[in-house]
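# Summary of structural features
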Amino acid sequence: MAKIYTDRDASLDPLRDKTIAVIGYGSQGRAQALNLRDSGLDVIVGLRPGKSWELAEKEGFKVYRVDEAVKRADVIMMLIPDMVQPEVWKNQVEPHLREGMTVDFAHGFTVHYGLIKPPEFVDVVMVAPKSPGAKVREEFLAGRGVPALVAVYQDYSGRALDTALAIAKGIGATRAGVIETTFKEETETDLIGEQTVLVGGLMELIKKGFETLVELGYQPEVAYFEVLNEAKLIMDLIWRYGITGMLERVSVTARYGGLTVGPKVIDDRVKENMKKAAERVRSGEFAREWVEEYRKGMPRLQKLLEDTRSHEIERVGKEMRRLLFGD
Ligand SMILES: NC(=O)C1=CN([C@@H]2O[C@H](COP(=O)(O)OP(=O)(O)OC[C@H]3O[C@@H](n4cnc5c(N)ncnc54)[C@H](O)[C@@H]3O)[C@@H](O)[C@H]2O)C=CC1
Ligand SMILES: CC(=O)[C@](C)(O)C(=O)O
Ligand SMILES: [Mg+2]
Ligand SMILES: [Mg+2]
């Protein structure tokens, strides 16, 4: 059984007289910095000049260049993109680390794949929200939290886990539930999950469902409501009540049709494909490919994004979302 921590198991004390430098003010950086500050902790932000800098200042933070922030802080939270981390680490973080500091990550990628090798005199921990950044903030403001994983990679002080749990509490994650894991498990499950289900799988399932309906001559707007908009509403039922709970809340016809046809569409070959994707993550092959793509300036990523942007579901979606949300 997994070790799960909630609010009762965590204290903010390990962070009380410390300065926390949140490096990056994007998806996770902004959410985590704001939540930690609202939890009563001393937070500064480390950035390079630009839009994020202005936003963080506007939102009341003292903002410094990354190296300056590291010098002023006791706890460093590496919340910049995974592919940017190694260089910033080498030039602006590592040279200024002092004995006994804590370095925190929100995803294990750079440490697990050896792109960052922390010195032995700091604690290295991870608090990985199982959620997009915006939700980390939204749920916190609503008095709730999103689940997260915690892990200790290096325990120099002997108190690394307590510090990690304090961060988890400060961002609101212990309100939901925090599971103890390792950098390896978090990194591999996060990548496998986002590639095969959360990002890759969902997106492809919805696109192929949309294409199928449109190719059969149905109206694209009808297809959009059916396979994209309602996917969220059905997912909400699964999220709140579980798969059986969702089945209990759709029509008996949908229940029978879904249970009999679903496994024919998403068949065992899909699982074999998922296992292949998982193998590429576990062997490090995906990480090598992504580092190489990043170094080349991400031409493949840009091309794929452009193709997605021009897909019919996006054109129709824009119209339909204007109707639904007025934007
Ligand atoms: N996006 C998400 O919701 C999730 C992200 N994570 C992890 O959190 C970490 C941060 O990811 P995101 O929040 O998506 O990052 P992001 O892409 O939103 O980060 C952008 C921020 O980094 C700053 N930045 C970029 N390059 C910089 C540089 N050279 N020097 C200083 N600042 C720089 C930008 O100014 C901006 O403030 C990653 O490890 C990611 O895997 C984990 C869970 C979910
Ligand atoms: C939002 C999240 O948890 C992801 C999908 O793993 C990510 O953005 O990397
Ligand atoms: Mg991820
Ligand atoms: Mg994730």
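An unreviewed UniProt entry lists the protein chain under the name Ketol-acid reductoisomerase (NADP(+)), from Pyrodictium delaneyi. According to its UniProt record, the protein chain has this under Sequence similarities (unreviewed entry): "Belongs to the ketol-acid reductoisomerase family."

This part takes up the sheet that holds strand β2 (residues 19-23). Strand order in the open sheet formed by nine strands is β1-β9-β8-β7-β6-β5-β2-β3-β4, with mixed pairing between adjacent strands. The open sheet has two edge strands with one neighbour each: β1 (4-5) and β4 (63-65). Across three bridges, the pairing between strand β8 (residues 148-154) and strand β9 (residues 178-180) is parallel. When the bridges of β9 are listed, A148 appears paired with V178.

Let us now look at the UniProt feature "binding site: Mg(2+) 2" (unreviewed entry) in the protein chain. UniProt's feature table lists "binding site: Mg(2+) 2" (unreviewed entry) at D190, E226 and E230, given in the numbering used throughout. Across 41 residues, the annotated set is spatially dispersed, with a maximum C-alpha separation of 28.6 Å. Exposure remark for D190: the 19 C-beta atoms within 10 Å place this residue in the partly exposed category. Those residues in contact with D190, other than ones at most four positions away along the chain, are H107 and A128. Along the chain, E226 turns up in helix α10 (residues 220-249).

Quick look at the UniProt feature "binding site: Mg(2+) 1" (unreviewed entry) in the protein chain now. In the numbering used here, UniProt assigns the feature "binding site: Mg(2+) 1" (unreviewed entry) to D190 and E194. Setting aside anything within four residues of it in sequence, one finds E194 in contact with V199 and G200.

What follows deals with the site of ligand 1. Neighbouring ligand 1 are 23 residues, the closest being G26, S27, Q28, S52 and H107. When residues of the shell around ligand 1 are traced back to their parent elements, those giving at least two are α1 (27-38) and β7 (123-129). Sort the elements by how many residues they give to the shell around ligand 1 and α1 lands first, with three residues. For the shell around ligand 1, the class distribution of residues is 12 nonpolar, nine polar and two charged.

As a further point, take helix α12 (residues 268-282). With 15 residues, α12 should cover 21 Å at 1.5 Å per step; its first-to-last C-alpha distance of 21 Å lies within 8% of that length. The buried fraction of α12 is low, at zero of 15 residues.

Right, let's get into the nonpolar core. Ranked by internal contacts, the top residues of the largest apolar core, which has 62 residues, are I76, V127, V150 and A168. In terms of residue count, the dominant contributor to this core is helix α7 (residues 160-170) (six residues). Discounting chain neighbours no more than four positions away, the residues touching V150 are V125, M126, V127, A164, L165, A168, V178 and E180. Counting five residues, the second largest nonpolar core, distinct from the first, contains A223, Y224, I313 and V316.

Before going further, it helps to spend a moment on the packing of α10 against helix α15 (residues 312-325). The N-to-C vectors of α10 and α15 enclose an angle of 90 degrees; their axes lie 10 Å apart at closest approach. As judged from the angle between their axes, α10 and α15 are roughly perpendicular. Along the contact surface, α10 presents P220, E221, Y224 and L228, while α15 presents E312, I313, V316, G317 and M320. Counted by class, the contact of α10 with α15 contains six nonpolar, one polar and two charged residues.

The next thing to look at is the domain arrangement of the protein chain. Interface extent is often summarised as the accessible area lost during association of the parts. By the assigned domains, the protein chain splits into domain 1 (4-182) and domain 2 (199-266 + 297-325). Relative placement of domain 1 and domain 2: their C-alpha centres are 34 Å apart.

Turning our eyes to something else, we now look at α10. An α-helical turn contains 3.6 residues, so any two residues separated by three or four positions project in the same direction. For α10, which comprises 30 residues, the first-to-last C-alpha distance of 26 Å sits more than 12% below the rise-based estimate of 44 Å (1.5 Å per residue). Its axis deflected by about 125 degrees at Y241, α10 carries its strongest bend there.

Here the focus is the pairing of strand β6 (residues 102-105). In β6, alternate side chains face the same way, and those of T102 and D104 on one face and V103 and F105 on the other are all buried. As judged from the four bridges shared by strand β5 (residues 75-78) and β6, these two strands associate in the parallel manner. Pairing of I76 across the sheet is with V103, part of β6. A crossover links β5 with its parallel partner β6, the connecting element being helix α4 (residues 85-93), and its sense is right-handed.

The rules behind the values
- Residues numbered from 1 in each chain as written.
- Chains lettered and ligands numbered in written order.
- Predicted model: local features only at pLDDT ≥ 70, side-chain atom pairs only at ≥ 80, totals over all residues.
- UniProt positions renumbered as here; feature names shortened; annotations may be inferred.
- Pairing = 2+ DSSP bridges.
- Helix = DSSP H or I, 4+ residues; strand = E, 2+ residues; numbered from the N terminus.
- Buried ≥ 20, exposed ≤ 12 C-beta atoms within 10 Å, placed from the backbone.
- Contact = placed C-beta atoms within 7 Å.
- Near = placed C-beta within 6 Å.
- Nonpolar A, V, L, I, M, F, W, Y, C, P; charged D, E, K, R; others polar.
- Expected span 1.5 Å × (residues − 1).
- Core = buried A, V, L, I, M, F, W, Y, C linked by C-beta atoms within 7 Å.
- Axes fitted to C-alpha atoms, helices over the stretch in contact; angles between N-to-C directions.
- Parallel < 35°, antiparallel > 145°, perpendicular 65-115°, else oblique.
- Domains from an automatic or database assignment.
- Bend = angle between axes of the 7 residues up to and from the residue.
- Right-handed = clockwise from strand over helix to strand, strands pointing away.

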